[in-house]
Amino acid sequence: MIRFTDTLTKSKKEFIPLEKGKVGMYVCGPTVYNTVHIGNARPAVVFDALRRYFEYRGYKVTYVMNFTDIDDKIINRIKEEGWDFETITSTYIREYLRDMRALGVRDANFNPRISQYIPETISFIETLVEKGFAYVVDGEVFYDVTKFEGYGELSHRKLEDMLSGARIEVDQRKKNPGDFTLWKPAKTGEPSWESPWGKGRPGWHIECSVMSTSILGDTFDIHAGGNDLIFPHHENEKAQSEACTGCEFSRYWLHNGMLQMNGAKMAKSVGNIISIRDAVKKYGRDAVRMFIFSTQFRGPIDYSEERFEDWKKAARRVEDALIRVEELANGIPSFTKSASDWIKEKRKMFVEFLDDDFNTSRVLSLIFEIVKEMNSTDDIGRLFEAYWLIKGEFGDVMGLFTDTPTKIKQSDDSKMDEVMDLMIDVRNSLRKAKLFEQADMIRDGLNESNISLLDGPEGTKWQIT
RNA sequence: GGCAACGUUGCCAAGGGGUCUAAGGCAGAGGUCUGCAAAAUCUCUAUUCGUCGGUUCAAAUCCGACCGUUGCCUCCA
């Protein structure tokens, strides 16, 4: 039984899909006007893993993640850089997908862009106007928050509280300060489309409502995103969608906590960002993912270089253990399907942990316990089972250890291999003759060329550092 | 000011009424391996859970107050 703490009800709820064996998930994606940072990676990695877990548990998942390709920030960049709309959005979409693939995030089944859903958007807004939830002023369409009974229930705020705390200058044309734009009249030079209210473009909140319901249906299973989107974005989405369709919108709301740096949210607007690309390059994919999995996804998580270094070492511990098995088996060890009691026990724990509010942290601890077992057991059968459990099964769900580098493989250059073999032979004869000073000269010299020699029980290995 | 979270060992973090003298990772200490290094590996490492009260046979876990941190209320994953 899979259970999640739902943002709306604030309680652990058993997951019951709308349709047996199927899950529809919608995750709010990035606005494509800039390179993404590791804060953006958190929802992508967590919800990607959740998707894989659903599949592991036998569900067929339809995973939708949008790109916001019409937005003030994009328009600003068009003005600043003189780029055209298509160039800027397609460039950053490409970059985003590249970064996510480097992180081991699988592509979504659908990556809708609002610019491709204009007719759907217009008819969605028309319905809202017809039903009396929206009103038009000077070619701009607003949503009337007082018309929707449940407004505020997702973010657990009362309408009165929101009004009293309103800090922005209220647009005089709005009936209520909390009303938000569904359709914005275009200014010259901005991307715009014809509509019953004149030339214009969709507001931010409407796009996710339109695309999620268009692809997944009026009601779908899971809507996810960062908790900074709860208000106003998701609150507004819910209000619009339920007003429009008359159905429950998303059955479960999952929100990830913010990634912080020195106690403040990592955000482009704050300027304290680390790019995904740099992080993966510096620490490796597994370390970045393990860092993200090290805490419950709902809470905040603090970035620091030390912590990434810690997880780099931790990831290496697992990878080393896997590589050792591969060396022992002379390749990928064979695996028989018949599951032992030991496997069943570990598998049961894995499922129990993830079923319980997707507790990835406990899964990591389980993986390390298995690694310890791998390192201390004399039982080859157990060793191979452990290997497959981590690499084939748990790693597959978590997107971890998918391509462990074989540490002993040195280079593609056979000449280099020959030279190194000779060096090692020479040095080992020196060592045999107890001429350690000369032997160390070779090792130190190679070290300066970033080649390290490692003397182990099975002989000397070398690697480029 | 309103709303939502959080505060556990040197650091990160799980647990969320008894099985907790609190999982796991990093750091640290000791051992194995090695000519020595490095790497790897094994063992050990919190009577204690922000503070003060309360509920209970029993609290890190529930309740209250206080202190501290963060997010949202405006674009943001």
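For the structure itself, consult the block above.
Thresholds, definitions, all that
- Residues numbered from 1 in each chain as written.
- Chains lettered and ligands numbered in written order.
- Predicted model: local features only at pLDDT ≥ 70, side-chain atom pairs only at ≥ 80, totals over all residues.
- Heavy atoms only, no water.
- Helix = DSSP H or I, 4+ residues; strand = E, 2+ residues; numbered from the N terminus.
- Contact = heavy atoms within 4.5 Å.
- Areas by Shrake-Rupley, 256 points an atom, 1.4 Å probe, with all protein chains shown as cover.
- Lys, Arg positive; Asp, Glu negative; His and termini not counted.
- Charge placed at Lys NZ, Arg CZ, Asp CG, Glu CD.
- Pairing = 2+ DSSP bridges.
- Axes fitted to C-alpha atoms, helices over the stretch in contact; angles between N-to-C directions.
- Near = heavy atom within 4 Å.
- Polar contact = N/O pair within 3.5 Å; in protein donor to acceptor, adjacent residues only side chain to side chain.

Peer 1: Honestly, the overall build of chain A in this entry has me stumped. Any pointers?
Peer 2: Looking only at helices and strands, chain A features 15 helices and 15 strands. Structurally, chain A occupies a C-alpha span of about 95 × 55 × 35 Å along its principal axes. Taking contacts inside chain A between residues at least 6 apart in sequence as the whole, the part at least 24 apart equals 75%. Carbon and sulfur atoms make up 50% of the accessible area of chain A, which amounts to about 22000 Å² in all. In chain A, 65 positive and 75 negative side-chain charges are present, and the distance between their average locations comes to 2 Å.

Peer 1: What am I meant to see in the sheet that holds strand 10 (residues 250–256) here?
Peer 2: What links the strands of a sheet is backbone hydrogen bonding, and the strands pair in either a parallel or an antiparallel sense. Here we have 4 strands laid out as an open sheet, ordered 4-3-9-10, and parallel in their pairing. The sheet is open, and its two edges are formed by strand 4 (60–65) and strand 10, each paired on a single side. The mean inter-strand angle of the sheet, taken between neighbouring strand axes irrespective of direction, is 20 degrees. Packed onto the sheet, helix 1 (residues 38–56) meets strand 3 (22–27), strand 4, strand 9 (220–226) and strand 10 and runs at close to 165 degrees relative to strand 4. Packing against the sheet, helix 6 (residues 204–216) makes contact with strand 3, strand 4 and strand 9, and its axis sits at approximately 160 degrees to strand 3.

Peer 1: How should the protein's contact with RNA strand B be read in this particular structure?
Peer 2: Around RNA strand B sit 61 residues in total, of which Lys73, Trp204, Gly226, Leu229 and Arg307 are the nearest. A distance of 3.1 Å separates a sugar or linking oxygen of RNA strand B from a polar backbone atom of serine 155. Between arginine 317 and RNA strand B, the recorded distance is 3.3 Å, taken from a side-chain N or O atom to a phosphate oxygen. Looking at the surface near RNA strand B, the element that brings in the most residues is helix 10 (residues 305–329), giving 8 residues.

Peer 1: Would you mind showing me how to read the sheet that holds strand 13 (residues 301–303) here?
Peer 2: The mixed open sheet is built from 3 strands, whose spatial order is 12-11-13. Only two strands of the sheet have a single neighbouring strand rather than two, namely strand 12 (264–265) and strand 13. Alignment of strand 11 (residues 259–261) against strand 12, held across 2 bridges, turns out to be antiparallel. When the bridges of strand 12 are listed, glutamine 260 appears paired with lysine 265.

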